[in-house]
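Results of the structural survey
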Amino acid sequence: MLRNTIKDIFVKSQLTPLTNETTIFATTINSTFIAYPNLNNKCRFQTQILIKIPVGTTISNFSTNPINFSFFNNLRNDNFYFFTNIPVDQEIGTFTQLLTLTTSDSFQQTYQLNTTCLDIDVSKLKVVNSTKPTSFSGLFLYYIILEGLEPGYHYDEIPSTALSIQYYTFHPYNYMVMISPSENFTREISITMNFNNGKTFSFKLDSYYSLVDEKDLPTTHSETFFPPNILSSSSNYTQMSKGYQPLFTSTLNTNIMTPYQVFYYYFSATATLPLKGSKGNMTFIGSIDDITNSELQFNSSLITGNGTSVDTITLTTKINVSPYPMLGFTSESVDYFNFTTIPFFAVSFQNSFNYQFYQIQYFYINSFIEDWPFGFISGTNSKFSNKVTFPRQSDVSPTINLNFFLNKISEGTQFYIQPISISNSIQPIVKTYSLTRITNVNYLLLLDIESINGVKSFSYNFNSNPIQFSLVNGTIYNGRFELVVYLLEYNGGLMITDILLNSLTLKDGDPISVNPLITFNFPQSLNYDFNVDDFTNISFLKNNLNLESESYNIIYLNSPNIPQDAPILFILLDLITVPIIRDPEASIPINYFIYNSTSGLFECKFILPKNNMFGEIPFQIKIGNSILYYNNLMKEKLIVNNTVLDYQGPIFSSFERIGNDLEILTTPVTIGWKFNITDDLNGFESGYIKVMGSVDSSTYHFNFTINDAISGDKFNCQFQILINVSQPCITQEYRIVRVLLYDTNRVSSKFVLNGESPLPIITPFINFLEEGIDITILPFACTGSTMFDSKPTLLSFTPSKAIIDVGSPNRSISFDFSIDPGTNGIKQDQLPIIYLTTVDTKVSKCYSKLISYNANSAVYNCSTELPLDFGYPGQIAISMYGIVNNGGYFYGYTTQDIASITNSNCYLNTTFSNNIPIITSSDKYYSDDNGEIIIYGRGFSNVNLISITYSDNGLSPNSATPISFYGSSAIKISGIKKTEKLFKIKVLRNDGLISNEFSIQPIYFDRSPKPIPTQSPTSSPTTSPTSSPTSSPTSSPTITPIPTITPIPTNAPQKCQGNPECGGKNQGYCSSTTGCICYPPWIGTTCSSQIIIVPQPSINKTNPQVEIPTTPTESNGQSSAETNSEESQKMIFKSLISLVSLRELDFNNKEVNSYIFDQWIYTPINQFKNQYFTTISNTNITATLEWFNQSTFIQFANQNLTMNPSSIKYTIEISKYQFSSSLNQLQLVMAASLTSNSNDICSLNQFGNTSTGDDSNYLKIQIENHSLYGRFIKRAIIDNTVKSISNVLLDSSLNIIDSSSSSLQSYIGISIPFYSDSIIVDPDFSVLIDSKSASDQDNSICTNKKSGLTTAQLAGIIIGSVAFAAMIVIMVVYFLVKRNNQKKFIVAKSASDQDNSIYTKKKSGLTTAQLAGIIVSSVLFVAVAAIFTSYFIVQKRKQKLLFKTINNKMKNLSNGK
């Protein structure tokens, strides 16, 4: 903080005393007296005056002349006053004002205040330098140096023929120029500045296109219009909704990303938007805007660059403009009432026009926007009543005028809310403050505040959202407050609000104390005098990018002059990262530079999304929230060379109604829509469609992902959304009111019926503009039905608590309520919503679920967790809306209605525990970070342990080390293990209090260049069958994470097996972390099995049982002696998969209950997907069977999985089950079997862990060289949360397995832990052919009982025999040789005792060489004998099989077969 002495600050300025200062002393602080005018050629001045008077006196009057230039007192301390003027516009010239101060002892002092609004001398102006332009958001950006202004003064903005010329301190540049697209391809652009009194100054800038090589400019273009006949004189286009204009696309052969193409209408130009394509062939999109009425034809122009000239196309259109629907507020009223002395108010109105599904904005102290049913208490869409309730502000400052506003696009109404009492207007007083740096953008702010009314909240000056704070000492009336401030918002000012809504705004330089003088100053890093040259020396980790593999990058900034704590931001402005051009509601991702003390560089990680724009990528480097440096100032550019743009969200390629204009009699019917979604490059990911009833506003929400497609892949997939309609019902229409579709790159398309800011260029209905709104409307008639207004009776309403601590980690609350449906009944698929509202006009919702329903009672429950601080201090009002009866009416219950129910609470009291540790947020964490992160929250004082648990099963939980504490609001910790998966942190204090568990998902980041992945080795496997799939799977998943409660197990690394290992280099490779990784189409733990492509099996319409017949001709062309034999060609293999039963087991795995599945209801979904439904013990079982005829990526339980071609997937969903004990579990039993029509063969059963990284179990049932392969994933979706499960082989425990060499059956139990609402499991099965027959493997079961030996066993015996014989021979030889040597030694010794003796051996006659020859011959003889024996045994076995085959054929012939 900055402290000045009184002597230092009393420096004379433009404030001059007219008489000598003897008693009153005045000076100005942080004031402006000279300025250039603003856009209206007038000036505004900010003047702050500090006044000192004698002790014991006060200022009784402060007058001004002229009186319209007034001041107000905003600070007083003893004999010091601080006054601030209320700015007014001043004409050009010098203005003199007299200020007279009168003290309580009648002493007066007059001052003269002079302010000057400068005039411009255009003869001195000149532009001495300018930058090359950059393309940004369809505009062009320049920086210039403008000279000739008075030193030290500037225009904030200069009126001109450019789009804008704004002052920025980019030393040496001082102005930024932004212009619209220009057709001046080779000439300079002339710009004129317009000053007061008609004075002008003109200068020229290089055209953007003059910097482009002429050969890169487009020379051809072709247009497509939507609807196609929009230019026809007979066209009569009607908007689907207000603002949804006709569209056009234009394809250009451009080599620059921003060619000149604009749509002109009514003297305004709008550039077309890049849509898709690559360098040399780009498609752009635009809308044909029309602001005329529907009775006239309208001419507009499309102007396109053609080389260095332009082509102009005149577009003559007639558009029937859809007006915004009116609501017509009538019968507005405000009601005031108390519940147990707690004041509330309710605002109500009725409508004059039909409700057309628009949103309504509510504003009291804050504002929010809500859809139906909030406030709709009774009626239909044509005539209804609306009433909302809020707690009432008890006491209020006299400076606050509380009005309640209701707004709907083009209309609104307001109500004055009377305060109960008007108190004082005394603002909070800041006594001292301090700032501590946490990061370059986050600071810890400590404030000592006095407030006679009590401090209520903190917020940024231009953002009403409150800042989380902690009271670390004292009370809200006199205490120390701690909050983490974000510099990007903080430098706009900080607002402190008390309970009466008095507020104090602190800006940089504002005094907070006058004795001594203390001013409120932002961090010095924000006030540093930055120079543009400090920011031009940048470089990138990777450049000249191929976005197919190089999205991860780092920008380096090298400047010794920049403070290391400067808040420097890097903001990508490419089309995909910043989609605000096509969707203004989109957010802008921000990345931060961090100083690396080792390299001496500022570094910032960023991810440039795939399928993006080519050429130079625009970006900003930003200091705080004001100073901007664009890429055109930088020495190094970020260039993309290889990419294909996909900037179009998913669109509908077909759209048809199901059950249009149906008449509902006595039989229930299903209506809805069937549609195809296409997305050519990124592929579709997820979508949302909202449907509402035209009479009763019945609402249906449809959320879906690519996994829900009934056919196709992510590039072209088909869906259907269905609604059941049955009597009693009312005749009406179901209308699609909102559509939101995302592709895998998060590029969206959107349609909102009667929305406030329509975006026609991103509509998913681009192909159906000619059909119009009718395709989204589905009418139906209910025979014999009548509208019936009978409001259901609220029978009971019970919150789980009457007081809620909104400062604790556990802020959950639930509600149980029941309703009498009445004589007409209520729609069971329309679930009421409980709304919780606060005095600050904040709202939280609780979505109910139906527990039970009968003619007399509908029982509901809902639970939710309230936001931190919600409603404190004060009460939370409770209301309920969204009940729809069968007679076409909707209803709701206000707070007053709920209060009338016996033993119910219509509001909640709030408390706030300030000292309980709560983690609320954290900094970004990248997967390659160094194990350090900062977490934010409150109550971190005296934390002594930080616990971390990992989703990665390879990582054990550990305790992290706190490096730094920032008050009680932030902790920097280290010791996080390297991981790409989610991990959770919680803190423990030494007083035993434990925080919530906070989840952090690392952002994957790869610094190294990433090769484009290939699916198979460079050389094709020689044994790969011709019919095996070689193309990539049809979709590439991007997970929309489901919450994960428990760590999900991963398979332990497996030893790579096989001979050769993993099938050899063409079939797979060995991974040290998992085991054998196979190249498609190979599969299995040794990569020795192949997927068989078989026809889709016939559909079983009785139960979810699948039989997959296979013959050797379908076995992918696999060739071997056995498969080519005449007998083997007649073999038929049948695989059978079925659901058997559901068992309840106790904690000892003993069976408590068992339910056999015997009756199923079959429902076809599409060609490849069928559904089966059954009920056991009030529990619903839904099995969805889906056949995959090609390799496809899917997602299940946050996991990417590959479905092989010719595989069947079971998705089994089990609803709520009434467990006998919470310690029990369920076990879903499945059966899998494989049979053959041949008997003299072998079979094998295997169960274990997969090695492919999918962390699953596998079951393999093999007969000869055919297998049924089942994959059982070790995770499930349990109560909408991903949890781990286990899979158990039940062959021994069930004791019902009938296995033979030609038939093998296994039972698998999927064990599911105790749950509350629902579970989903997802096993799948495929048929394989094995390169190694079952007869060649251990533990196989074979027909030949006499031998009982497999070929592999025979080979083992033979090899063992050879080895044993060889050992005997070697031992004999060793003995003979040794004995021979001993004899030689003895004879030699005897002979040596005689002189001149000569010894010759006569008895032995064998030399060592001769003995060795005998040995080798013996070994060879034994080996040859063993080999011949082995060959004979094998041939004998084959001969028996052949004789049996011939014998069978003869029998068949004799039987006439």
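Values in this document were obtained by computation on a predicted structure and should not be read as measured data. (Residues numbered from 1 in each chain as written. Predicted model: local features only at pLDDT ≥ 70, side-chain atom pairs only at ≥ 80, totals over all residues. Heavy atoms only, no water.)

As a further point, take the nonpolar core. Counting residues in hydrophobic clusters, the biggest one holds 143 residues, and the most contacted among them are Phe404 and Ile621. Ranked by size, the runner-up nonpolar core spans 48 residues in total, among them Ala1183, Phe1219, Ile1278 and Ile1308. (Core = buried A, V, L, I, M, F, W, Y, C linked by side-chain atoms within 4.5 Å. Buried < 20%, exposed > 50% of the residue type's maximum accessible area, 1.4 Å probe, protein only.)

Residues with a pLDDT of 70 or more make up 84% of the protein chain, whose mean pLDDT is 82. Low pLDDT, under 50, characterises residues 1113-1129; the predicted model gives this stretch 34 contacts beyond four residues in sequence or across chains. Low confidence marks residues 1432-1457, where pLDDT is under 50. Its contacts with residues over four positions away, or in another chain, come to eleven contacts. (pLDDT = per-residue confidence, 0-100. Contact = heavy atoms within 4.5 Å.)

All told, the structure shown has 29 salt bridges when counted by the stated rule. In this structure, glutamate 685 and arginine 746 form a salt bridge, with 2.6 Å as the shortest nitrogen-oxygen distance. Remark: arginine 746 occurs in the loop between strand E67 (732-743) and strand E68 (748-752) and glutamate 685 occurs in strand E63 (residues 684-693); sequence separation between them is 61 residues. Residue glutamate 685 is classed as buried on the basis of its relative accessible area, which comes to 6%. The residue lysine 791 makes a salt bridge to aspartate 897 at a minimum N-O spacing of 4.0 Å. Note that lysine 791 is positioned in the loop between strand E69 (777-782) and strand E70 (793-799) and aspartate 897 in helix H3 (residues 895-899), a separation of 106 residues in sequence. A relative accessible area of 27% places aspartate 897 in the partly exposed class. What you see here is one network of salt bridges that share partners, running through Lys605, Asp928, Asp929 and Arg1007. (Salt bridge = Lys/Arg side-chain N within 4 Å of Asp/Glu carboxyl O. Helix = DSSP H or I, 4+ residues; strand = E, 2+ residues; numbered from the N terminus.)

For the rest of this paragraph, the subject is the state of the cysteines. Per the stated rule, a full pass over the model turns up six disulfides. A sulfur-sulfur distance of 2.2 Å marks the disulfide that ties cysteine 846 to cysteine 862. Across the S-S bond of cysteine 846 and cysteine 862 the torsion is about 125 degrees, and the bridge reads as right-handed. Taken together, the residues cysteine 846 in strand E74 (residues 843-847) and cysteine 862 in strand E76 (residues 858-865) connect sequence positions 16 residues apart. With a sulfur-sulfur separation of 2.1 Å, cysteine 1062 is cross-linked through a disulfide to cysteine 1076. Here cysteine 1062 and cysteine 1076 share a disulfide; its torsion about the S-S bond, -80 degrees, makes the bridge left-handed. One end of the pair, cysteine 1062, is in the loop between strand E86 (998-1000) and strand E87 (1068-1071); the other, cysteine 1076, is in strand E88 (residues 1075-1078), and 14 residues separate them in sequence. With respect to burial, cysteine 1062 and cysteine 1076 carry one shared label: buried. (Disulfide = S-S within 2.5 Å.)

This next bit is on the sheet that holds E76. Spatial ordering of the open sheet is given by E70-E72-E76-E75, a layout of four strands whose pairing is antiparallel. Where the open sheet ends on each side, the last strands, each with one partner, are E70 and strand E75 (849-853). Between one strand axis and the next, the sheet turns by 20 degrees as a mean value, whatever way the strands run. Two strands pair when backbone bridges link them, and E75 and E76 are joined in this way by four bridges, in the antiparallel orientation. Bridge pairing in E76 places serine 852 opposite valine 859. (Pairing = 2+ DSSP bridges. Axes fitted to C-alpha atoms, helices over the stretch in contact; angles between N-to-C directions.)

To continue, consider the side chain of arginine 811. By the secondary structure assignment, arginine 811 is in the loop between strand E71 (803-805) and strand E72 (812-820). Taking the relative accessible area as the measure of exposure, arginine 811 reaches 10% and is therefore buried. A distance of 2.9 Å separates a polar atom in the side chain of arginine 811 from the backbone oxygen of serine 808. With near-sequence residues (within four places) excluded, arginine 811 lies in contact with Ile804, Asp805, Val806, Thr864, Glu865, Leu866, Pro867, Leu868 and Ile918. (Polar contact = N/O pair within 3.5 Å; in protein donor to acceptor, adjacent residues only side chain to side chain.)

Paired through their backbone hydrogen bonds, the strands of a sheet run either parallel or antiparallel. If you trace the four strands from one edge of the open sheet to the other, you get E41-E40-E44-E45, paired in antiparallel fashion. Edge positions in the sheet fall to strand E41 (463-466) and strand E45 (503-506), since each of these pairs with one other strand and no more. The average angle at which neighbouring strand axes cross in this sheet is 30 degrees, direction not considered. Two strands pair when backbone bridges link them, and strand E44 (residues 494-498) and E45 are joined in this way by four bridges, in the antiparallel orientation. Residue pairing for E45: threonine 497 is matched across the bridge by serine 503.

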